[in-house]
Every structure is written in structure tokens, then in C-alpha cells.
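Analysis of the macromolecular model
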Amino acid sequence: MDYLALASIFCAAFAVAFGALGPALAEGRAVAAAMDAIARQPEAANTISRTLFVGLGMIETTAIYCAVIALLLLFANPLLA
Amino acid sequence: MNSPLASNVLFYIGPVPISQAIVTTWAIMALLVLGAFALTRGLSLHPTRRQAAMELIVTTMDTQIRETTGAEPAAYRGFIGTLFVFILFANWASLVPGVEPPTAKLETDAALAILVFLSVIWFGVRGAGVLGYLKSFAAPNPIMIPLNMLESVTRVFSMFVRLFGNVMSGVFVIGIVASLAGLLVPIPLMALDLLTGLVQAYIFAVLAMVFIAATVEDGQTPTQKET
């Protein structure tokens, strides 16, 4: 196995590991803030949770990007073709 | 292990390869069209139980559109509602054994995202005129024109990658776990996948609605906004 394949596999794992770090922290903060808001204003729970879900989807996208990059490295790597 | 980026071709119609995702997509489309046709026969002012259930779904969609954007839902109900229902059915197609959700393949998501891109232009021009649509790029001020033009492409691209990534990763993880641990272990992951599918369908529809409404609002002149 030459070094390009090794580097690709290592970078794929690296991308997922560090790419999941930021979104995980961000989602934790978002959910904590939403919980706080719902505790203060239970009657607005519908609006808050709807906005929360959309926001979580947006945050999650960054982690998904990393996963897609990792899959590109593993399955569609132009250097290994 | 099969690459999640490749699509498996089932057969050819002339030179056109027909993949499994396309067959599933057409099956879902046929199901939705026939279902909608069959369920809206014989509508009456005194709704039957079936009609009441359908009206409940439509009213819920109207409420969601009105609450997220403040726009009147009548013009957008058809497009946004169909988008939501189609993606939901596509994401939950994995419930049928042997069927892979078509949204786990790049081409279906790309088609949906292009649809959203075109519909932003269509609704923007229809709601605010051609000049109004072009003016929406200059909101909030003309310095933002290059950024807004870039954004109109990148936001659609991110919708496409988001839907693909979420559904595909669900299918992929279930595949890996099933190959490792067999019979009952993947079931909780499948349940999580159903939730993800619902949330992603909702997010896709809501974001499409938000983009359309923002374009229409930016394009309108201040006097039109007041009325």
C-alpha cells in the first residue's frame, strides 16, 4: 500500500473526528439555550422547538460536510484512481 | 462494501442508464399522485373521516408556512407541501425491505435542490416582477450584490449536501452495523433514522420556503410591503 492510500485513510478519520467536535459543542449550546428559553416561557415551546430543529439542522451540516469529504477520500479519491 | 457515492444501474433504456434510485422515485411519485387523486374524489362540505384527515394535514402545512415566513400559504402550498411529502416518503422508503431511500443518492438530492433554485427565481419573479427579483440581490444594500449572488448558489448546494449526507449516513451506518451484528441490533438505529428522515424533510421544506419568502420580500417596494 503506497503512502497516498495511507494518507487518505488517515485524513478521512481525522476529518470526521475533528469535524464532529465543533458541531457537537455548538449543538449542545443551542439545545441548552433552547431548554433555558422553554423553561422561562413554556407557552412559546412550539416556536422555540421548531426554530431549534431548523437551527440544529444547519449546525449539523458542517459535520455532514466533513463526513462527505471523508467518504470522497475513501470511495471517490481522484489521486488513487 | 459498495461506495455510497455510486449508483447501481438496474437496466438501460436505449443509452440512458436507469438506476435503482430512479425506479424508487417513480414508484413514490406514482403512489403520491394516485393517492392524492383517489383521496380527493367526492369532496363535500360535510367531510367524511378521510377528508377530515386530509384537511388536517393541509391545514397543518398552511399553519407552518404562515408561522415560519408570515406569507399567505395559498401560492406556496402546492410546491412546499409536495416537496415535504415527497422527501418524507423517500426518506421512509427504507421501511420497505430491499428498498434504499432515493434521497441517499446524489442525483435525487441534486434534482430537488435544482428545483428549489428554480422555484426561488420563479416565485421571486412572480411575486415582485423581474426588476423586483433583480433588486432582491441588492438587499440590504448594493455592496452585498456579489455575496448575494454567491449565496443563492451556495445555500442550495448546502441544502443538497445536507439532505444527502443525513440520509446516506443513516443508510451507511445501518449497513455497517447489520454486517457486524446481524438481526436485531440495527433496529434502534433504524428508529433514529425515521426521526432524522422526518426532521430533514421538514428542514428542507422550511428552508425552501424561507428562501422563497425572503426573495419575494426583498424584491417588493416599501409601499407594497405596507399594504
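As a reminder, the structure under discussion sits directly above these lines.
The present account deals with the structure reproduced in this document. (Residues numbered from 1 in each chain as written. Chains lettered and ligands numbered in written order. Predicted model: local features only at pLDDT ≥ 70, side-chain atom pairs only at ≥ 80, totals over all residues.)

**A look at the pairing of strand β1 (residues 9-13) of chain B**
Side chains on a regular strand alternate between the two faces of the sheet. Residues and elements named next belong to chain B. Our working rule: Our exposure labels follow a C-beta count within 10 Å of each residue's own C-beta, placed from the backbone: buried means 20 or more other C-beta atoms, exposed means 12 or fewer, and partly exposed covers the counts in between. Labels follow the DSSP assignment, with helices taken as runs of H or I lasting at least four residues and strands as runs of E lasting at least two, numbered in each case from the N terminus. Strands were regarded as paired on the criterion that DSSP finds at least two bridges between them.
For β1, the tally of buried residues reaches only zero of five residues, placing the bulk of the element at the surface. In terms of strand pairing, β1 meets strand β2 (residues 16-19) through four bridges, oriented antiparallel. Its bridge partner lying in β2, isoleucine 13 is registered against valine 16.

**Examining helix α1 (residues 20-39) of chain B**
Working note: α-helix, 3.6 residues per turn, so residues spaced by three or four point in the same direction. All names here are of chain B. Put simply, the test is: Expected helix span is computed as 1.5 Å times (number of residues minus one). Picture the helix axis, draw a direction to every C-beta atom, and the arc is the one those directions span. Whether two residues are in contact is decided by their C-beta atoms, placed from the backbone, lying within 7 Å.
Between its terminal C-alpha atoms α1 stretches 28 Å, which fits the 28 Å expected from 20 residues at 1.5 Å a residue. What α1 keeps buried is the set Ala21, Thr24, Thr25 and Ile28. In an axial view of α1, the angular spread of the buried residues amounts to 100°, which keeps them on one side of the axis. Facing away from the buried surface of α1 by more than 90 degrees, the exposed residues are Trp26, Ala30, Val33, Leu34, Phe37 and Ala38. In this structure, the buried side of α1 is in contact with β2, α3 (77-91) and α4 (106-135).

**Details of the interface of chain B and chain A**
Quick note on the threshold: Each residue receives one of three labels: charged for Asp, Glu, Lys and Arg, nonpolar for Ala, Val, Leu, Ile, Met, Phe, Trp, Tyr, Cys and Pro, and polar for the others, Gly being one of them.
Counting from both sides, the interface comprises 13 residues of chain B and, opposite them, 11 residues of chain A. Listing elements by their share of the side of chain B that touches chain A, those giving two or more residues are α5 (145-181) and α6 (187-219) of chain B. Ranked by residue count, the leading element in the side of chain B that touches chain A is α5 of chain B, at six residues. Its residues placed into classes, the side of chain B that touches chain A shows seven nonpolar, five polar and one charged.

**Digging into the environment of aspartate 218 of chain B**
Residue and element names in this part refer to chain B. Along the polypeptide, aspartate 218 turns up in helix α6. Owing to 18 C-beta atoms within 10 Å, aspartate 218 belongs among the partly exposed residues under this scheme. Considered as a pair, aspartate 218 and phenylalanine 137 are 81 residues apart in the sequence and their alpha carbons are 8.0 Å apart. When sequence neighbours within four positions are dropped, the list of residues in contact with aspartate 218 reads Ser136 and Ala139.

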